Amino acid sequence: TYLIGFAGLGSALLLGAAFAFQAMGYAPCAMCLWQRWPHVVAIAFGAVGLILPLNTVILAGAASALTSAGLGVFHTGVERDLWEGPATCASGSTEGLTPEQLLEQIMTAPIVRCDEVAWQMLGLSMASWNALASLALAVLWLTAMRRQ
């Protein structure tokens, strides 16, 4: 059960790091916020798993970590222009817009764009690091299940 605790703690640390970056002035984009919710769920499953280390609880924790990893990979692809992100994450094309439509687009544009890297280390963005760490946590969850 100690692996379950480590997995839940890992999600808590990742979530804490996200809040620390936010406190340092790195405002999260919409996709950054999406990546946080599966960690909240994984923390809850970690707490439950310490009391009831059932395979279904452990699988749910692993699924939560994999969900955040998947969102991180998707976000990384948006940042690197491999594919488009949701319309709510970037400003749209300005071609053919009237001045009124252009002003409306400017006024409703997200403050923080999902397709721009706000911070990176070793060439990887926060979304990329979250994806890697979340994959590692999923492996930890699955290792905990295997040891049951």
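My aim in this report is to walk through the structure given alongside it, one point at a time. (Residues numbered from 1 in each chain as written. Predicted model: local features only at pLDDT ≥ 70, side-chain atom pairs only at ≥ 80, totals over all residues. Heavy atoms only, no water.)

**Re the packing of helix 2 (residues 30-51) against helix 3 (residues 55-79)**
Following both chains from N to C, one finds helix 2 and helix 3 inclined at 165 degrees, their axes separated by 8 Å at the closest point. The angle between the axes of helix 2 and helix 3 places the two elements in the roughly antiparallel class. Our pair here, helix 2 against helix 3, has a crossing hand that is left-handed. Seen from helix 2, the contacting residues are Met31, Cys32, Trp34, Gln35, Pro38, His39, Val41, Ala42, Phe45, Val48 and Gly49; seen from helix 3, they are Val57, Ala60, Gly61, Ser64, Thr67, Ser68, Leu71, Gly72, Phe74, His75 and Val78. By residue class, the composition of the contact of helix 2 with helix 3 is 13 nonpolar, nine polar and no charged. (Axes fitted to C-alpha atoms, helices over the stretch in contact; angles between N-to-C directions. Helix = DSSP H or I, 4+ residues; strand = E, 2+ residues; numbered from the N terminus. Parallel < 35°, antiparallel > 145°, perpendicular 65-115°, else oblique. Left-handed = near helix turned anticlockwise from the far one by under 90°. Contact = heavy atoms within 4.5 Å. Nonpolar A, V, L, I, M, F, W, Y, C, P; charged D, E, K, R; others polar.)

**What about the nonpolar core?**
Counting eleven residues, the largest nonpolar core is built from Leu3, Ile4, Ala7, Ala42, Ile58, Ala62, Ala65, Leu137, Ala138, Trp141 and Ala144. Elements with a minimum of two residues in this core: helix 1 (2-23), helix 3 and helix 5 (126-146). When residues no more than four places from it in sequence are discounted, the contact partners of Leu137 are Phe6, Ala7, Gly10, Ser11, Leu14, His39 and Ala65. Counting five residues, the second largest nonpolar core, distinct from the first, contains Met31, Val78, Cys89 and Cys114. (Core = buried A, V, L, I, M, F, W, Y, C linked by side-chain atoms within 4.5 Å. Buried < 20%, exposed > 50% of the residue type's maximum accessible area, 1.4 Å probe, protein only.)

**A look at a nonpolar patch on the surface**
A cluster of nonpolar side chains, namely Val48, Leu50, Ile51, Leu52 and Leu54, defines an oily patch on the protein surface of about 480 Å² accessible area. Its location among the elements puts Leu50 in helix 2. (Patch = residues over 30% accessible without salt bridge, like charges linked within 9 Å, V, L, I, M, F, W, Y side chains within 5 Å. Areas by Shrake-Rupley, 256 points an atom, 1.4 Å probe, with all protein chains shown as cover. Salt bridge = Lys/Arg side-chain N within 4 Å of Asp/Glu carboxyl O.)

Purely spatial values, then, with no claim about function.
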